Amino acid sequence: MNCRSEVLEVSVEGRQVDEAMLALLHTILLHRSTGKFHYKKEGTYSIGTVGTQDIDCDYIDFSFVRVSSDELDRVIRKAVGEFKDAMGNGTDGMGQISLEFYQKKKSRWPFSDECIPWEVWSIKVNVVNLANEQERQICREKVGEKLGEKVINIVEVINQHEYLPKMPTQSEVDNVFDTSLKDVQPYLYKITFQITDTLGTSKTTWFCAY
């Protein structure tokens with residue numbers, strides 16, 4: 001299986017890291033989530049609706065749409081919070097946060113299931129140091145414009161006819177979707193991030209969500 005890989009790059013002020021990452025990650029997950037599956041019998045099912053919610057940013061002139069799921073939002077916010085904490089309060093170094101979608105392939109006992117990635121989104125983040133409020137206002141507007149461009153890019157890529165896991169039977173649904181949330185069903189995913197300091201030293205951390 002070929003895994004599609006996409007890279008996005010953004011430059012932001014330190015206080016904008018959270019909102020920029022949430023906007024991009026939630027945009028991707030909006031298009032990689034379905035309503036809950038309701039099986040009537042094996043091979044027959046209905047899919048619930050997915051609600052959406054508009055979110056206004058505080059430090060960026062930008063609004064984005066996310067799945068209306070507080071549970072999913074908490075998971076993503078926790079991952080983004082750990083990413084920002086790992087970057088620290090300084091302006092040196094860069095970071096990258098990746099959202100990987102995968103499916104499970106059952107293995108024979110005693111081996112663990114194999115996780116096969118089919119799509120990876122990597123967001124490279126450069127934190128800039130601004131001298132005064134005027135520069136912050138300009139950055140607020142420019143970052144908003146850039147995020148708008150990135151969201152359009154995400155939608156264009158997702159609308160291309162590439163690989164998606166086939167709809168599973170009831171017994172295999174946990175191999176394709178995260179069924180742990182009560183109101184939405186994203187494809188299985190995990191989030192990782194990597195921080196690089198001024199010396200070129202990298203540290204990778206895995207934040208898994210199943």
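Residues numbered from 1 in each chain as written. Predicted model: local features only at pLDDT ≥ 70, side-chain atom pairs only at ≥ 80, totals over all residues. Heavy atoms only, no water.

Caption draft 1: Examining the pairing of strand 5 (residues 52-56) more closely. By the bridge criterion, five bridges tie strand 5 to strand 6 (residues 63-67) in an arrangement that is antiparallel. Looking across to strand 6, one finds that threonine 52 is bridged to valine 67. The hairpin turn running from strand 5 into strand 6, its antiparallel successor, is six residues long. (Pairing = 2+ DSSP bridges. Helix = DSSP H or I, 4+ residues; strand = E, 2+ residues; numbered from the N terminus.)

Caption draft 2: Structural context of the packing of aromatic side chains. Here the structure, examined in full by the defined rule, presents nine aromatic pairs. Seen in terms of ring centroids, phenylalanine 37 and tyrosine 39 are 6.0 Å apart; in terms of plane orientation they differ by 55°. Their pairing is tilted. The burial state of phenylalanine 37 is the same as that of tyrosine 39; both residues are buried. Aromatic rings pair up to connect Phe37, Tyr39, Tyr45, Phe101, Trp118, Tyr163, Phe177 and Tyr187 into one cluster. Across from the ring centre of tyrosine 102, 5.6 Å away, lies the NZ or CZ of lysine 190, which sits over that ring. (Phe/Tyr/Trp six-rings, centres within 6.5 Å; stacked < 30°, edge-to-face > 60°. Buried < 20%, exposed > 50% of the residue type's maximum accessible area, 1.4 Å probe, protein only. Lys NZ or Arg CZ within 6 Å of the ring centre and 35° of its normal.)

Caption draft 3: View of helix 1 (residues 17-30). Given a rise of 1.5 Å per residue, 14 residues ought to cover 20 Å, and the 20 Å separating the end C-alpha atoms of helix 1 matches this to within 8%. Along helix 1, 12 of the 14 residues are buried, which leaves the element largely enclosed by surrounding structure. For helix 1, the full list of buried residues reads Val17, Glu19, Ala20, Met21, Leu22, Ala23, Leu24, Leu25, His26, Thr27, Ile28 and Leu29. (Expected span 1.5 Å × (residues − 1).)

Caption draft 4: Region of interest: the side chain of serine 69. For serine 69, the position within the fold is in the loop between strand 6 and helix 2 (70-87). Since its relative accessible area comes to 0%, serine 69 is described here as buried. Within the structure, serine 69 has its side chain in polar contact with the backbone nitrogen of leucine 72 (distance 3.2 Å). Setting aside anything within four residues of it in sequence, one finds serine 69 in contact with Asp183 and Val184. (Polar contact = N/O pair within 3.5 Å; in protein donor to acceptor, adjacent residues only side chain to side chain. Contact = heavy atoms within 4.5 Å.)

Caption draft 5: Structural context of the packing of helix 1 against helix 2. Closest axis-to-axis distance for the helix 1/helix 2 pair is 10 Å, and the angle between their directions is 140°. With respect to helix 2, the element helix 1 is oriented oblique. The crossing of helix 1 and helix 2 is right-handed. Between helix 1 and helix 2, the residues in contact are Val17, Asp18, Met21, Leu22, Leu25, His26 and Leu29 and Leu72, Asp73, Ile76, Arg77, Val80, Phe83 and Lys84, respectively. (Axes fitted to C-alpha atoms, helices over the stretch in contact; angles between N-to-C directions. Parallel < 35°, antiparallel > 145°, perpendicular 65-115°, else oblique. Left-handed = near helix turned anticlockwise from the far one by under 90°.)

Caption draft 6: Region of the structure containing the environment of tryptophan 118. Along the chain, tryptophan 118 turns up in strand 8 (residues 114-128). For the pair tryptophan 118 and glutamine 103, spaced 15 residues apart in sequence, the C-alpha separation works out to 7.5 Å.

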